Amino acid sequence: MSFSIHQVAELDGIDLAGITAQYDTLERKMLDAYFTHIGSHRGMKYLHWNMRDINYGFAAIEHRYRVLGGDPFVIPDDNKFDLARLLIDIYSVGYTGHPRLTTILAKNRVEPRDFLNGASEAEAFVQQNYVGLHQSTLRKVDVLANIAGRAFDRSLKTNTTWWEMHGGTLRTFVNFAAESRPFQLIAGAASIIGLVIAFKPGLPGAVWAAIAQSLP
């Protein structure tokens, strides 16, 4: 689902040049549709990128709707998942450079068409390029789904090493060893050999002597 000013304007028979003169009215109609949709789909989970505060986030949309006289449906915080922070939790803070969204796309050779960065979006708004803004938003949705899918199937390329991703601690190594079948087999064999040596100290020497005698 997508919600945009220019689509509302088209339905009202208003061309792009006429949007500015009726911007608040059109924005109110757009947000009416948005909040009606999320209010009728309660319990849905929302994946987002840094939409955490009143400056840029769900709270900003809710505030704007109140300014326009609306009564927003507030999505519970438990239903919001910030992909930007999730990637830091998984791969550590240095998993990519800044800005993280564009650099992780470059790292994975994802070249999204119509994608606008923050400065470009601001310029598009000033230029009343509402279609371009809408296309950029749709592309960002696609990009977030792409990144999340790669993180899920462990194919996302980052600057993080395995050791960094798992904390780089002794506890991490112990947990890995405890869950590794080959390591468990090696450790078990070493324990058996250790017991044999403890109870039969002369056995290793006898074994090596037998091996030496069998050599040409």
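The preceding data block contains the structure.
The structure reproduced in this document is the subject of the present report. (Residues numbered from 1 in each chain as written. Predicted model: local features only at pLDDT ≥ 70, side-chain atom pairs only at ≥ 80, totals over all residues. Heavy atoms only, no water.)

### Observations concerning empty space enclosed by the protein
- Throughout the structure, instances matching the rule amount to 1 cavity of 30 Å³ or more.
- Here the largest cavity is characterised by a volume of approximately 30 Å³.
- Along the walls of the largest cavity sit Ile38, His41, Arg42, Gly43, Met44, Tyr46, Phe73, Ile75, Pro76 and Asn79, which together make up its complete lining.
- Class assignment for the residues of the lining of the largest cavity results in 6 nonpolar, 3 polar and 1 charged. (1 Å grid on protein atoms, 1.4 Å probe; cavity = no way out; pocket = protein on both sides within 12 Å on 5 of 7 lines; lining within 4 Å. Points joined across faces, edges and corners; volume = space filled by probe spheres on them. Nonpolar A, V, L, I, M, F, W, Y, C, P; charged D, E, K, R; others polar.)

### Here's the deal with unusual backbone geometry
- Here the residue pair His98 and Pro99 is connected by a cis peptide bond, since its omega of -10° sits within 30 degrees of zero.
- Structurally, Pro99 is set in the loop between α4 (83–91) and α5 (100–107).
- In the Ramachandran plot, Asp114 falls in the positive-phi region, its phi being about 75° despite a non-glycine side chain.
- Of note, Asp114 is situated in the loop between α5 and α6 (118–126).
- On the basis of relative accessibility, which here comes to 33%, the residue Asp114 falls in the partly exposed class.
- A positive phi angle, close to 60°, is found at Gln128, a residue other than glycine.
- Overall, Gln128 belongs to the partly exposed group, its relative accessible area being 34%. (Helix = DSSP H or I, 4+ residues; strand = E, 2+ residues; numbered from the N terminus. Buried < 20%, exposed > 50% of the residue type's maximum accessible area, 1.4 Å probe, protein only.)

### What to know about the packing of α6 against helix α7 (residues 130–152)
- Between α6 and α7, whose axes approach to 8 Å, the crossing angle comes to 150°. Of the possible angle classes, the one that applies to α6 and α7 is roughly antiparallel. Seen from α6, the contacting residues are Glu121, Ala124 and Phe125; seen from α7, they are Tyr130, Leu133, Ser136 and Lys140.
- Its residues assigned to classes, the contact of α6 with α7 comprises 4 nonpolar, 1 polar and 2 charged. (Axes fitted to C-alpha atoms, helices over the stretch in contact; angles between N-to-C directions. Parallel < 35°, antiparallel > 145°, perpendicular 65-115°, else oblique. Contact = heavy atoms within 4.5 Å.)

### Some remarks on α6
- A distance of 3.3 Å separates the backbone nitrogen of Ala119 from a side-chain oxygen at the start of α6, and that oxygen is part of Asn117.
- Phi for Gln128, located one or two positions after α6, is positive at around 60°. (Polar contact = N/O pair within 3.5 Å; in protein donor to acceptor, adjacent residues only side chain to side chain.)

### Remarks on the pattern of salt bridges
- A complete count under the given rule lists 8 salt bridges for this structure.
- Residue Lys29 is joined to Asp12 by a salt bridge in which the shortest nitrogen-to-oxygen separation is 2.7 Å. On the criterion of sequence distance, the pair formed by Lys29 in helix α2 (residues 23–39) and Asp12 in the loop between α1 (5–11) and α2 is long-range, its members being 17 residues apart.
- One salt bridge connects Arg64 with Asp24, and the closest N-O pair in it is separated by 3.0 Å. Placement of Arg64 in helix α3 (residues 58–67) and of Asp24 in helix α2 is noted, with a sequence separation of 40 residues between them.
- Its relative accessible area of 46% is what places Asp24 among the partly exposed residues.
- Residues joined in a network through salt bridges with shared partners are Asp24, Glu27 and Arg64. (Salt bridge = Lys/Arg side-chain N within 4 Å of Asp/Glu carboxyl O.)

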